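Coordinates in review
Each chain, letter by letter, is given below.
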Amino acid sequence: MTVLRRLVSLGCLLAVIAVADQQARDAIATTIKGLDLLPLRHAGVALLHGASIYSDPRYVYPPTAAVALLPLSVGRYATTVDVWLVVSAVAVAAAGFLSMTPWRRGLWLLASVLAAGLMVKSDALTDTLWIGNVSLLLAPVAVGVLLLFEAQRWRTGTALLVLSLLIKPLLLPLIVLPLLRRQWQAVAQPVIAGGVLLGTAILLVPGGEHFFVVLRFLEDAGTLIGRAAVYNVSIRGLAERLDAAAWGSAARVVVVASTAVAAYVWARAPSRPGGTAAIGTLLMLAVILAGSLSEDHYLLVAAPCLLTAIALGGRLSVLAAALPGLVLFAFPRHYLGNLGGSPQGLQVRYVLAELLLAMAAAVAVTHSVRGDPSETLSTPYVPPMSPLSAGGSISE
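These notes cover the structure that comes with them. (Residues numbered from 1 in each chain as written. Predicted model: local features only at pLDDT ≥ 70, side-chain atom pairs only at ≥ 80, totals over all residues. Heavy atoms only, no water.)

With respect to the packing of aromatic side chains
Tallied over the full model, the rule gives 4 aromatic pairs. Aromatic pair Tyr 54 and Tyr 59: ring centres 5.2 Å apart, planes at 55 degrees, arrangement tilted. Like Tyr 54, the residue Tyr 59 is buried in the burial classification. Every member of this aromatic cluster is reached through a ring pair, and the members are Tyr 54, Tyr 59 and Tyr 61. The ring of Trp 266 is capped by Arg 181, whose NZ or CZ atom sits 4.0 Å from the centre of that ring. (Phe/Tyr/Trp six-rings, centres within 6.5 Å; stacked < 30°, edge-to-face > 60°. Buried < 20%, exposed > 50% of the residue type's maximum accessible area, 1.4 Å probe, protein only. Lys NZ or Arg CZ within 6 Å of the ring centre and 35° of its normal.)

Following this line, the structure appears as structure tokens:
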């Protein structure tokens, strides 16, 4: 039976590789590929020539990102964008695979491969891979941060989180987790170091001081306003398109208030396995839903985070709660004759998927703070292949 499981897992893995390869090929064949990568390259070229990194108005990242991604400005752009798209597809697959690794049971390898397949076959990846947004590379980082926090390795997890924030502050809601657990020292050291790096870049990188203007620009939903609001897959974007600002504001308040209550309850209760990943996922989805700006590739970061919570918690009720949102996020619409493939249809689909995934994360949080206290996580989760699994101790 073990041999059979391995053969099935290998077959599924080969299928995932084939799908990821096809996704990358389709993205590379797109005429206007790399729309979100080009500003990063322009910023690097400007930096090399001593010009403002914000010369391209589409560059909306911290000045540290221009330094860290400077290699993107070297070599032929056609080659750079092709490699970037392949790496992005691999990163999304890796996020799905890593999300199931905590479920160390008989079928864990098959579950990991299927999770990777869910990610690479998803419509969200099909719709966004060709754009080349850096968010896709942050998907496995988000899973890694949650696994480290589950293992109570707060300092290492925060350090990894801060590094990602210096590239793109997409994972910023996760910084709340160690704060809710009162891990002040573990948070302070990486945050101070990251603040020093960011401050230095603002002062020394040409045009770095313009970063504060960019923050205000993003707070106002960036360019996804007016007719472009249809591409903003947040409650605000949907409400603006439907001319329902009052209803949108009310919905955003409900999302924020509900998430705040869940975070408060989680912070005061001993958490069972998966609780940290669940509340982290809920915080991310709350910001995605109630924030001023959201794009469909954000789901490629949130979905594997929820899968991580499911794998750690091991409850079928949470998986059942997550299935509607996962199906809505991933199901290829070409099987239904491209039904709902218009920008308006996709906006409704992805906002609803975000809402359903947030509800599933809330269910996971509820399970993690209830039940027999003897079932709570008395020892930290130790990631597979960690030196701690050999009997070491946690020093963070």
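A closer look at a nonpolar patch on the surface
Taken together, the side chains of Leu 10, Leu 13, Leu 14 and Ile 17 present a nonpolar region at the surface, about 360 Å² in accessible area. When you line up the elements, Leu 10 lands in helix H1 (residues 2-28). (Patch = residues over 30% accessible without salt bridge, like charges linked within 9 Å, V, L, I, M, F, W, Y side chains within 5 Å. Areas by Shrake-Rupley, 256 points an atom, 1.4 Å probe, with all protein chains shown as cover. Salt bridge = Lys/Arg side-chain N within 4 Å of Asp/Glu carboxyl O. Helix = DSSP H or I, 4+ residues; strand = E, 2+ residues; numbered from the N terminus.)

Regarding helix H16 (residues 316-330)
Here H16 is 15 residues long and its end C-alpha atoms lie 20 Å apart, about the 21 Å a rise of 1.5 Å per residue gives. Along H16, the largest kink reaches about 35 degrees and is centred on Leu 323; proline Pro 324 follows within four residues of it. The set of residues buried in H16 consists of Val 318, Ala 322, Gly 325, Leu 326, Phe 329 and Ala 330. Looking at the buried residues of H16, the elements they touch are helix H5 (108-121), helix H6 (123-128), helix H15 (299-313) and helix H17 (343-368). (Expected span 1.5 Å × (residues − 1). Bend = angle between axes of the 7 residues up to and from the residue. Contact = heavy atoms within 4.5 Å.)

Examining the pattern of salt bridges
Following the criterion strictly, the structure yields 6 salt bridges and no others. The salt bridge involving Arg 333 is made with Asp 127; its shortest N-O contact spans 2.8 Å. Pair noted here: Arg 333 is in the loop between H16 and H17 and Asp 127 is in helix H6, with a separation of 206 residues, a long-range link. Residue classification places Arg 333 among the buried positions, given a relative accessible area of 13%. Looking at Asp 127, the relative accessible area reads 13%, which means it is buried. By sharing partners, the salt bridges in this structure join Asp 123, Asp 127, Arg 333 and Arg 349 into a single network.

What to know about the nonpolar core
Ranked by internal contacts, the top residues of the largest apolar core, which has 104 residues, are Tyr 59, Leu 177, Ile 279 and Phe 329. No other element matches H15, which puts 12 residues into this core. Dropping the residues within four chain positions of it, Ile 279 is found in contact with Leu 177, Ala 262, Ala 263, Trp 266 and Val 365. (Core = buried A, V, L, I, M, F, W, Y, C linked by side-chain atoms within 4.5 Å.)

Notes on the environment of Gly 194
Tracing the backbone shows Gly 194 in helix H10 (residues 184-204). You can call Gly 194 buried: its relative accessible area is 7%. Here the alpha-carbon distance between Gly 194 and Val 162, two residues 32 residues apart in the chain, equals 6.2 Å. Those residues in contact with Gly 194 that sit more than four places away from it in its chain are Val 162 and Leu 166.

Some thoughts on the packing of helix H7 (residues 135-150) against helix H8 (residues 154-165)
Relative to each other, H7 and H8 sit at 160 degrees, their axes nearing to 8 Å. Judged on the interaxial angle alone, H8 and H7 are roughly antiparallel. In this structure, H7 meets H8 at a crossing whose hand is left-handed. Within the contact between the two elements, H7 uses Leu 138, Val 141, Gly 144, Val 145, Leu 148 and Phe 149 and H8 uses Trp 154, Thr 156, Gly 157, Thr 158, Leu 160, Leu 161 and Ser 164. (Axes fitted to C-alpha atoms, helices over the stretch in contact; angles between N-to-C directions. Parallel < 35°, antiparallel > 145°, perpendicular 65-115°, else oblique. Left-handed = near helix turned anticlockwise from the far one by under 90°.)

All quantities given are derived from atomic positions and should not be read as evidence of function.
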